[in-house]
Amino acid sequence: MTAEDWSPTSWLGKPAEQSIDYPDPAALAAAVQRLHSLPPLVTSWEIERLRQRLAEAALGKRFLLQGGDCAETFDSCAPDQITNKLKILLQMSLVLSQGIGKPIIRVGRFAGQYAKPRTSLTETIGGETLPSYFGDLVNSPGFTPEARRPDPQRLLDGYAHASMTLNFIRALMSGGFADLHHPEYWDLAFLERGNLAPAIRDAYLAIRGSIASSIDFIERICETPINELHRVEFYTSHEGLHLPYESALTRRVPRREGHYNLGCHLPWIGERTRQADGAHIEYFRGIRNPLGVKIGPKATPDELLRLADTLDPGAEPGRLLLICRFGAGKVEAALPPLLEAMRASGRRPVWVCDPMHGNTITTASGRKTRPFESIAREVQLTIDLHRAAGSVLGGVHFELTGDKVAECIGGASQVTEADLASGYESPTDPRLNYEQSMELAFAISERMNRG
Ligand code: PEP
Ligand code: CO
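Below is a summary of the structure that appears in this document. (Residues numbered from 1 in each chain as written. Chains lettered and ligands numbered in written order. Predicted model: local features only at pLDDT ≥ 70, side-chain atom pairs only at ≥ 80, totals over all residues. Heavy atoms only, no water.)

1. Here we look at the overall build of the chain
Reasoning step 1: From N to C terminus, the chain includes 14 helices and 14 strands.
Reasoning step 2: Relative to the globule expectation of 22 Å for 451 residues, the C-alpha radius of gyration of the chain, 21 Å, shows essentially globular dimensions.
Reasoning step 3: With respect to the three principal axes, the spread of C-alpha positions in the chain is 60 × 55 × 45 Å.
Reasoning step 4: Put simply, the chain has 451 residues, and 58% of those count as buried.
Reasoning step 5: Excluding contacts between residues fewer than 6 apart, the proportion of contacts in the chain whose partners are at least 24 apart in sequence is 77%.
Reasoning step 6: Element-wise, carbon and sulfur atoms account for 52% of the exposed surface of the chain, whose accessible area totals about 18500 Å².
Reasoning step 7: Where the 49 positive side-chain charges of the chain centre and where its 55 negative ones centre are 3 Å apart. (Helix = DSSP H or I, 4+ residues; strand = E, 2+ residues; numbered from the N terminus. Rg over C-alpha atoms; globule rule 2.2 N^0.38 Å. Buried < 20%, exposed > 50% of the residue type's maximum accessible area, 1.4 Å probe, protein only. Contact = heavy atoms within 4.5 Å. Areas by Shrake-Rupley, 256 points an atom, 1.4 Å probe, with all protein chains shown as cover. Lys, Arg positive; Asp, Glu negative; His and termini not counted. Charge placed at Lys NZ, Arg CZ, Asp CG, Glu CD.)

Here you go:
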């Protein structure tokens, strides 16, 4: 197929992995029709600005920090949870920008991260089999036939919750919360309560202090406020799993070529849905947004080249992000051949490390967790492998929260398997908590600075 054959719904002619069987197709069509008539959540200007920023990340001039929940829930659309997620990303970005000396591109894995791919499409408990929970955009987690029945009304609820979340983020950002003069606004209560290891706390406070005084200094010299640098930028992303939802938010905009997904700035394709001839690749190839593709340890160089040719035929700077999620034990074998294949083809994608999804283990009591040490090790090895190959790591992708949960084990605060019993809140994958996220930001800075 050529680009002329593409339309926001041409994916309907292709096989779709993880597609949802709605018991009432007319209700689905009505919900999609309604979504189609609602206003966009983001603009093409913002998307194009992000693309320019990502083009610089591919060249090593900026660094991407993408993070948030594995699965956002409608219940988590609440003021404290949203501000805590923003705060942890803003704090990590301070540490990273000081540590690695590059501007940071901040992308939340939220304001729309409501659809989840599942390894098993059904779940069986005590002889009863029901559809799996596919995220709040589709059904709800309780194990009853009513809860698990896919409900098209949830598509409209998902849009509404994404919109409320984004509205609050935009208000905070423009209302002074993101003012670089006051990084102390981003502190989480844990900082005061002394929950952070003293060395990390002191290092963070030193960075925070130096930013405020550097800005004062420049403003004194220039005798004018730094309006351009005044506020930080923030972008949104989610997995573009649910194609009826994604295509309903795909629009043309005046004075620009092509179609944009205006439901978020940076949609990505999951590891389970990136089949070369599948519906997701068909949908994504036609939109103008920058795109992420998750890449697991079995991906071959040929497969990757084919994906890149389909999704980014013009090798446009900032268009394609390869989000690698191999696992600490596999990254050394998996990454170098892919780096070499891309280099030989003349492409410069944004290489991103997701050290979460290849490091998931199940505890004896049946909980999914991730050892902090494996997560840190995969990022560190990735940094070293890029350096050895003369390539650039353009960013990182984490599942994290600003709340004090116990979902990943280890780290300086030594979360144990026993802690998971009371501190686990994620309905899907385990997230780094506040302290683990900060510790990781320092570990990344330290490794990137090793020459
Ligand atoms: C995810 O990002 O939550 C996810 C399901 O990742 P992957 O597609 O890499 O498995
Ligand atoms: Co996940």
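2. A short note on the coordination of the cobalt ion (ligand 2)
Reasoning step 1: Looking at the cobalt ion (ligand 2), one finds its protein donor set to be C70 (SG), H357 (NE2), E399 (OE) and D429 (OD), positioned 2.1 to 2.5 Å from the metal centre.
Reasoning step 2: Note on E399: relative accessible area 0%, which makes it buried.
Reasoning step 3: When its relative accessible area of 9% is taken as the criterion, D429 is described as buried. (Donors = N, O, S within 2.8 Å, 3.2 Å for Na, K, Ca; no water.)

3. A short note on the side chain of D429
Reasoning step 1: One can find D429 in the loop between helix 13 (417-423) and helix 14 (434-449).
Reasoning step 2: In this structure the side chain of D429 is engaged in a polar contact, spanning 3.2 Å, whose partner is the side chain of R370.
Reasoning step 3: The residues touching D429, leaving out its near neighbours within four places in the chain, are C70, H357, K368, R370, E399, E407 and Y424. (Polar contact = N/O pair within 3.5 Å; in protein donor to acceptor, adjacent residues only side chain to side chain.)

4. Comments concerning the site of ligand 1
Reasoning step 1: Contacts to ligand 1 come from C70, R109, K116, P117, W268, G270, E271, R272, K294, R325, H357 and E399.
Reasoning step 2: The side chain of K116 places a nitrogen or oxygen atom 2.7 Å from an oxygen atom of ligand 1.
Reasoning step 3: By residue class, the composition of the shell around ligand 1 is three nonpolar, two polar and seven charged. (Near = heavy atom within 4 Å. Nonpolar A, V, L, I, M, F, W, Y, C, P; charged D, E, K, R; others polar.)

5. A few points about the state of the cysteines
Reasoning step 1: Scanning the model with the defined rule gives zero disulfides in all.
Reasoning step 2: C353 carries a free sulfur, and the closest cysteine sulfur to it, the one in C324, is 7.5 Å from it. (Disulfide = S-S within 2.5 Å.)

6. Examining the pairing of strand 8 (residues 266-269)
Consecutive side chains along a regular strand alternate between the two faces of the sheet.
Reasoning step 1: Residue alternation in strand 8 divides its side chains into two sets, L266 and W268 and P267 and I269, and both sets are buried.
Reasoning step 2: Note: strand 5 (residues 235-239) against strand 8, three bridges, orientation parallel. By the bridge assignment for strand 8, H238 is matched with P267. (Pairing = 2+ DSSP bridges.)

7. A few points about the packing of aromatic side chains
Reasoning step 1: One pass over the structure, following the stated rule, counts four aromatic pairs.
Reasoning step 2: Summarising the aromatic geometry, the rings of F110 and F234 are spaced 5.8 Å apart at their centres and angled 20° between planes, so their arrangement reads as stacked. Within this pair, whereas F110 is found in the loop between strand 2 (104-108) and strand 3 (122-125), its partner F234 is found in the loop between helix 7 (198-222) and strand 5, the two being separated by 124 residues in sequence. Comparing F110 with F234 shows no difference in burial state: the two are buried.
Reasoning step 3: In textbook terms, an aromatic cluster arises when at least three aromatic residues are bridged by ring pairs, as seen for W6, Y283 and F284.
Reasoning step 4: We note R367 situated over the ring of Y424; from NZ or CZ to the ring centre the distance is 5.0 Å. (Phe/Tyr/Trp six-rings, centres within 6.5 Å; stacked < 30°, edge-to-face > 60°. Lys NZ or Arg CZ within 6 Å of the ring centre and 35° of its normal.)

8. Some points on unusual backbone geometry
Reasoning step 1: Phi at R255 takes a positive value of approximately 60°, unusual for a residue other than glycine.
Reasoning step 2: Relative to the elements of secondary structure, R255 occurs in the loop between strand 6 (250-252) and strand 7 (259-261).
Reasoning step 3: Its relative accessible area of 79% is what places R255 among the exposed residues.
Reasoning step 4: The backbone of Q414 shows a phi angle near 55°, a positive value even though the residue is not glycine.
Reasoning step 5: For Q414, the position within the fold is in the loop between strand 14 (393-399) and helix 13.

9. Topic: the environment of G318
Reasoning step 1: By the element assignment, G318 lies in the loop between helix 10 (301-311) and strand 10 (320-324).
Reasoning step 2: Separated by 263 residues in sequence, G318 and A55 have C-alpha atoms that sit 3.7 Å apart.

10. Brief notes about the sheet that holds strand 14
Two modes of strand pairing occur in sheets, parallel and antiparallel, and in both the strands are linked by backbone hydrogen bonds.
Reasoning step 1: In space, the eight strands of this closed barrel follow the order 1-2-5-8-9-10-11-14, with parallel pairing throughout. Geometrically, the sheet is characterised by an average inter-axis angle of 25° between neighbouring strands, direction not taken into account.
Reasoning step 2: Here strand 11 (residues 350-353) runs beside strand 14; their pairing, made up of three bridges, is parallel. Residue pairing for strand 14: C353 is matched across the bridge by V396. (Axes fitted to C-alpha atoms, helices over the stretch in contact; angles between N-to-C directions.)

Purely geometric numbers; function is a separate question.
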